[in-house]
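Below are the chains, spelled out letter by letter.
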Amino acid sequence: MNVFCNDAAANTVIEPVADVDDADGDHELAVVLPAVHEVSSSDAAATAVRRTGRRVARCGMTGSIRRVAPQMRRSSAIQHESAQETVVTGWLDLYGRRPDHRWRQGSGRRLAEGMRDERSVASGSDGSAGDANYGVIGTGYAQYRRPEPEFTAAIRTALGDARTLVNVGAGAGSYEPTDLDVTAVEPSATMRAQRPAGLSPAVNATAEDLPFDDDSFDAALASFTVHQWRDLQAGLREVRRVTRDPVVILTCDPAALTRSWINDYAPEVIATEASRYPSIDALRVGLGGTVSAASVPIPLGCVDGFSEAYYGRPEALLDPGARRANSAWSFVGPDVEERFERTLQADLDSGAWDARHGQLRVQPTFDGSLRLVVGRP
């Protein structure tokens, strides 16, 4: 076969992607190799040049070629439609050991099968694991749901001195610390495709079945995702299993959702959210150990457009795209959206909204439903 490998002069990073169990039970490893030049061989040796300062290693490789995303790292197992690199699956003995201990035996085949063309999104097979179809509502998500610096700082503090992190339900990559070794997990192809170029592509997996060994990571993060999990308790057990210390969850307390003025105009949306978000007590039970929960103030100019982010900017929620970036709206009918737009616009025009809620336009922060939950063993 033709094996694509690095030109050593290019000093391009080569990193393992996933441990794969082949039909004979032998271990293979998928490796990212930018197609700089070809080596024609059935059992070629490629030189891996890393920017980590480690010595150059040589690895013998056999197997099949797959298309993957640019800049894919060892923690990744999916590809983007614009892929320009090649994966070679085959024997690998890098530095005399398995290069990435995190992958569970038997998980490789499923991960490899998940490395399929993101064009499947266009055909309707998005892979969303929860109750919301992000193949429909996820388009343009990253435009409205950007990481809020105040939330980022709170999360980073909660992660402490962690060096490795698994981000479960990573979505488009919000709140992934850039100074940590991050392994992102996201089942929705639409969301994976919106991850910025500076972040590694995400593993195609779900919270309930994480393809990693026990205690693989220093910490875990789950932001605005636990309400999407099919089996909350199973997901929390899995996250706890693969994490040595803090599990940090950014979520909403369903008991506090009615504080939002949205309840005046679309109570169906608030009721839907309240039925989907797990209680803080349910999170405590699933995480076990010591669990703390703190209210997170929402700033007036919050750039992460979940519903309460617009507490002092009601006009912004007249944008259908802003509502679509909040999954609860996908569970109510068009009649609810039409009524919301009509009545809110009328109250803004007449001044009725400002008469009831006008102080929110200048209120620096809002104490809503947002909570930062931190679980330790």
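Residues numbered from 1 in each chain as written. Predicted model: local features only at pLDDT ≥ 70, side-chain atom pairs only at ≥ 80, totals over all residues. Heavy atoms only, no water.

**Points about the overall build of the protein chain**
Tallying secondary structure elements over the protein chain gives 12 helices and 16 strands in all. A buried classification covers 56% of the 377 residues belonging to the protein chain. Contacts in the protein chain between residues at least 24 apart in sequence constitute 72% of all its contacts with a sequence separation of at least 6. (Helix = DSSP H or I, 4+ residues; strand = E, 2+ residues; numbered from the N terminus. Buried < 20%, exposed > 50% of the residue type's maximum accessible area, 1.4 Å probe, protein only. Contact = heavy atoms within 4.5 Å.)

**Some remarks on the pairing of strand β9 (residues 164-168)**
Most of β9 sits inside the fold, with 5 of its 5 residues counted as buried. Along β9, one buried face is formed by Thr164, Val166 and Val168 and the opposite face, lined by Leu165 and Asn167, is buried too. Looking at chain direction, β9 and strand β11 (residues 219-223) are connected through 3 bridges and run parallel. Looking at β11, one finds that Leu165 is bridged to Ala219. (Pairing = 2+ DSSP bridges.)

**Comments concerning the confidence of the model for the protein chain**
Of all residues in the protein chain, 63% attain a pLDDT of 70 or more, and the chain-wide mean is 73. Predicted confidence for residues 1-101 stays below pLDDT 50, and this span has 262 contacts to residues more than four positions away or in other chains. Segment residues 106-125: pLDDT under 50, and 47 contacts once partners within four positions in sequence are set aside and those in other chains are kept. (pLDDT = per-residue confidence, 0-100.)

**Regarding helix α11 (residues 334-350)**
Taking 1.5 Å of rise per residue, the 17 residues of α11 would be expected to cover 24 Å, and the 24 Å separating its terminal C-alpha atoms lies within 8% of that figure. Buried residues along α11 sit in contact with α7 (262-265), α8 (267-276), α10 (320-324) and α12 (352-357). Positive backbone phi, approximately 90 degrees, marks Gly351, located one or two places after α11. (Expected span 1.5 Å × (residues − 1).)

**What about the environment of Val185?**
Mapped onto the secondary structure, Val185 falls in strand β10 (residues 181-185). In this structure Val185 comes out as buried when scored by relative accessible area, which is 1%. Once the C-alpha coordinates of Val185 and Ala205 are considered, the two residues, 20 residues apart in sequence, prove to be 5.9 Å apart. In contact with Val185, not counting residues within four places along its chain, are Val166, Asn167, Val168, Gly169, Ala170, Ala202, Val203, Ala205, Thr206, Leu210 and Phe212.

**A few points about the sheet that holds β9**
As summarised here, the arrangement of the 6 strands in space is β10-β9-β11-β12-β16-β13, forming an open sheet in which the pairing is mixed. In the strand order of this sheet, the two ends are held by β10 and β13 (290-295), each with one partner. With direction set aside, neighbouring strand axes in the sheet form an average angle of 20 degrees. Bridge count between β13 and strand β16 (residues 370-376): 6 bridges; the pairing is antiparallel. Bridge pairing in β16 links Ala293 to Val373. Contacting β9, β11, β12 (247-252) and β16, helix α4 (residues 149-159) runs over the sheet at an angle of about 10 degrees to β16. Sitting on the sheet, helix α6 (residues 232-242) is in contact with β9, β11, β12 and β16, with an inclination near 150 degrees to β12. (Axes fitted to C-alpha atoms, helices over the stretch in contact; angles between N-to-C directions.)

**Regarding the pairing of β11**
Burial runs high along β11: 5 of the 5 residues are buried. Every second residue of β11 is oriented toward a common face, with Ala219, Leu221 and Ser223 on one face and Ala220 and Ala222 on the other, all of them buried.

**Overview of the packing of aromatic side chains**
All chains considered together, the criterion is met by 10 aromatic pairs. Between Trp261 and Trp353, the ring centres sit 5.7 Å apart and the planes meet at 90 degrees, which makes this aromatic pair edge-to-face. Residue Trp261 is found in the loop between β12 and α7, and its partner Trp353 is found in helix α12; the two are separated by 92 residues along the sequence. Take Trp261 and Trp353: they sit in the same class, and that class is buried. Aromatic ring contacts, followed pair by pair, group Trp261, Tyr265, Trp329, Phe340 and Trp353 into a single cluster. A cation over an aromatic ring shows up here: Arg145 above the ring of Phe224, its NZ or CZ 5.0 Å from the ring centre. (Phe/Tyr/Trp six-rings, centres within 6.5 Å; stacked < 30°, edge-to-face > 60°. Lys NZ or Arg CZ within 6 Å of the ring centre and 35° of its normal.)

**Quick notes on the environment of Asp264**
With respect to the element layout, Asp264 can be found in helix α7. Along the sequence, Asp264 and Thr343 sit 79 residues apart, while their C-alpha atoms lie 9.8 Å from each other. In this view, Asp264 contacts Arg356 and His357; residues no more than four positions away in its chain are not counted. Here the side chain of Asp264 touches His357 through a polar contact of 3.0 Å, side chain to side chain. (Polar contact = N/O pair within 3.5 Å; in protein donor to acceptor, adjacent residues only side chain to side chain.)

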